[in-house]
Amino acid sequence: MQLHFYKTELLLKETFSIAYGNYDKRDALVIKLSHLGCEGFGECVAINYYGINLQEFITKLKQIQPQIETQKIIHPKEFYQFLETLELHHFLLSALDCAYWDLFGKLENKTFSELNQLENKPLVESSITISIAEIDEQIRKIENSSWSKFKVKCNGFNLENTEKLLSLNKNISLDANASFTKEDCLKIQENADFQKLMYIEQPLEIGNYSILKNSGTVNWMADEDCQDFTYLQKLKPHYSSINIKLMKCGGLTPALEMILEVKKLGYKIMLGCMTESSIGISAGCALAGLLDFADLDGANLISNDYAKGSFVENGRIQLSEKPGLGIEFLL
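Undergrad: I'd love a proper account of the overall build of the chain, names of residues and values included.
TA: Helices and strands together make up the secondary structure of the chain, namely 11 helices and 15 strands. Taken against the 2.2 N^0.38 rule, which gives 20 Å for 331 residues, the C-alpha radius of gyration of the chain at 19 Å falls within 12% of a compact globule. For the chain, the spread of C-alpha atoms along the principal axes amounts to about 60 × 40 × 40 Å. Within the chain, the fraction of its 331 residues that count as buried is 56%. By element, 45% of the accessible surface of the chain is carried by carbon and sulfur atoms, the whole surface being about 14,200 Å². Of the side-chain charges in the chain, 33 are positive and 44 negative, and the distance between the mean point of each set is 2 Å.

Next comes the structure, spelled out in C-alpha cells:
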C-alpha cells in the first residue's frame, strides 16, 4: 500500500461569517492510499478554533509513512485499531480512516453500505448554512434558495431576528457557535415558540451547558461540547441531539460506533461537516441512512471542488453507487 498526501486550498464562493470569525478559504490536506491500481481518498481541513496545523500533520505523516505502507490489507476496523496506536490527531486520523474505507471498498468492489450491511432507506435532507449577516440579508438568502432546510449562524441571540426567521414558516435551525449567554438560554427555554426550530446548536461556550435542560421544549444540540463517546452520558440531562463530525470524532469507524451508542441513549443524531470538498462530503453521506438531521453542505459552499462522489443537490443527498466511498480525485 502506498501513501500520498497533498496540501491544497478550498476557496469559498463568498465570505463565510460565523461567531468565531470570517474566512474566504480553508487550507486542506488530501490523503491518498493506493494498492493494486485502486485509490482511496480522505481529507482534513485547518480549522483555527480547533487549533489545527496541517504542517504538523505532514511532518507526522512522513514519520509514520513506512508503518502505513508496510501494513497488509485488512478490514478497515482492524486498520483503525492500527491507526490508534500511532497517536494521531482526530482530524488526521479521520482522513486516513476515510481514505482506507474508500480504498478497501474499491478493492472488494463493494460500497460502504454493503460492507457494513446498512439499510437503504429514505435519506434525510441536508440543511444549507446561512452565514452571519444582517437579518434582512439572511432572510433574502433563505427566500431565494431552492433548499428546504436552513441552519442560520448567529453571533449572539436576538429575539426580534429569531421571530422574523420563524415567521418565514421554513425549516429553520440556529447555530450559535457558543455565542449565547446563560440568560439567553433561560429565556429560550421558557418560550414555547422556539419548539418550532429544528434545533439550536452549541448555544454556550464549551463546558457551560449545565443551565440547559433536555425537557422537550427546545432541541438543544451539542457540537463542540461532545467530542467522543465519553461525553454522551453526562450531556444527556442537557442536550437532546448530538452533532457528529467525522474529523471531530476521528473518522467513519468511530462515527459509526458512536451513532449506534447515541441511538441507544435516545439522542437525535446529526452528521455535520466543515468546509470540505466532495472527498469529505462523500464520506459523510455514507452514513446518511442513520441520521435524523444532516448538515452536509460543505462542498456546495466552495468554488474549487477537486473531487466527485456522493453529493447534495438542493438538500437531497445523492449516494454514489460506485465501490468504496465512490470518490474520484480530479486534480
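Picking up after the structure, the text goes on.
Undergrad: Please give an account of unusual backbone geometry that cites residues and values.
TA: In this structure, Ala 178 is a non-glycine residue whose phi angle is positive, near 70°. Along the chain, Ala 178 turns up in the loop between β6 (171-175) and α7 (182-189). For Ala 178, a relative accessible area of 16% gives the class buried. Its identity is not glycine, yet Gln 202 carries a phi of approximately 40°, on the positive side. You can see Gln 202 is positioned in the loop between β7 (200-201) and β8 (220-222).

Undergrad: Pulling in residues and values, what's your account of the environment of Asp 136?
TA: The topology assignment puts Asp 136 in helix α5 (residues 135-143). By relative accessible area, Asp 136 is classed as exposed at 55%. Along the primary structure Asp 136 and Glu 321 are separated by 185 residues, whereas in three dimensions their C-alpha atoms are 40 Å apart.

Undergrad: Run through the pattern of salt bridges, naming residues and quoting values.
TA: In the structure shown here, the tally under the stated rule is 14 salt bridges. Lys 196 serves as the salt-bridge partner of Asp 193, at 4.0 Å between the closest nitrogen and oxygen. Note on Lys 196: relative accessible area 59%, which makes it exposed. Two residues, Lys 322 and Glu 328, come together in a salt bridge whose shortest N-O distance is 2.5 Å. On the basis of relative accessibility, which here comes to 45%, the residue Lys 322 falls in the partly exposed class. Each of Lys 151, Lys 153, Asp 175, Glu 201 and Asp 295 takes part in salt bridges that share partners, so that together they form one network.

Undergrad: Mind laying out the pairing of β6, listing which residues take part and the relevant values?
TA: Of all 5 residues in β6, 4 are buried; the element is thus mostly enclosed. Sheet topology places strand β5 (residues 149-153) next to β6; 5 bridges connect them, and they run parallel. The residue bridging Lys 153 from the neighbouring strand is Asp 175, located in β6. Following the chain from β5 across helix α6 (residues 159-166) to the adjacent parallel β6, one finds a crossover that is right-handed. For β6 and β7, the ladder comprises 2 bridges, and the chain directions are parallel. When the bridges of β7 are listed, Asp 175 appears paired with Glu 201. Between the parallel pair β6 and β7, the chain is carried across by α7, and the sense of this crossover is right-handed.

Undergrad: Explain the nonpolar core to me, using residue names and the numbers behind them.
TA: The biggest cluster of nonpolar side chains holds 114 residues, and the ones touching the most others in it are Leu 96, Ile 244 and Leu 287. Looking at which element gives the most residues to this core, the answer is helix α3 (residues 90-108), with 11 residues. Listed in part, the 5 residues of the second largest apolar core include Met 198, Tyr 199, Met 270 and Phe 293.

Undergrad: Tell me about the side chain of Ser 131, and name the residues and values.
TA: Among the structural elements, Ser 131 can be located in the loop between β4 (128-130) and α5. Judged by its relative accessible area of 5%, Ser 131 falls in the buried class. Dropping the residues within four chain positions of it, Ser 131 is found in contact with Thr 15, Phe 16, Ser 17, Gln 138, Lys 141 and Lys 153.

Undergrad: Can you break down the packing of α3 against helix α10 (residues 252-264) residue by residue, with the values?
TA: At a closest axis distance of 8 Å, the pairing of α3 and α10 adopts a crossing angle of 95°. Considered as vectors, α3 and α10 are oriented roughly perpendicular to each other. Contact residues: α3 offers Asp 97, Cys 98 and Trp 101, while α10 offers Leu 252, Thr 253 and Pro 254. Split into classes, the residues belonging to the contact of α3 with α10 amount to 4 nonpolar, 1 polar and 1 charged.

Undergrad: Give me the lowdown on α5, citing residues and values where you can.
TA: Turning to α5, its buried residues number three or more, namely Ile 135, Gln 138, Ile 139 and Ile 142. End-on, the buried residues of α5 take up no more than an arc of 100°, which puts them together on one face. On the buried face of α5, the contacting elements are β4, β5, α6 and β6.

How each quantity is defined
Residues numbered from 1 in each chain as written. Predicted model: local features only at pLDDT ≥ 70, side-chain atom pairs only at ≥ 80, totals over all residues. Heavy atoms only, no water. Helix = DSSP H or I, 4+ residues; strand = E, 2+ residues; numbered from the N terminus. Rg over C-alpha atoms; globule rule 2.2 N^0.38 Å. Buried < 20%, exposed > 50% of the residue type's maximum accessible area, 1.4 Å probe, protein only. Areas by Shrake-Rupley, 256 points an atom, 1.4 Å probe, with all protein chains shown as cover. Lys, Arg positive; Asp, Glu negative; His and termini not counted. Charge placed at Lys NZ, Arg CZ, Asp CG, Glu CD. Salt bridge = Lys/Arg side-chain N within 4 Å of Asp/Glu carboxyl O. Pairing = 2+ DSSP bridges. Right-handed = clockwise from strand over helix to strand, strands pointing away. Core = buried A, V, L, I, M, F, W, Y, C linked by side-chain atoms within 4.5 Å. Contact = heavy atoms within 4.5 Å. Axes fitted to C-alpha atoms, helices over the stretch in contact; angles between N-to-C directions. Parallel < 35°, antiparallel > 145°, perpendicular 65-115°, else oblique. Nonpolar A, V, L, I, M, F, W, Y, C, P; charged D, E, K, R; others polar. Arc of directions from axis to C-beta.

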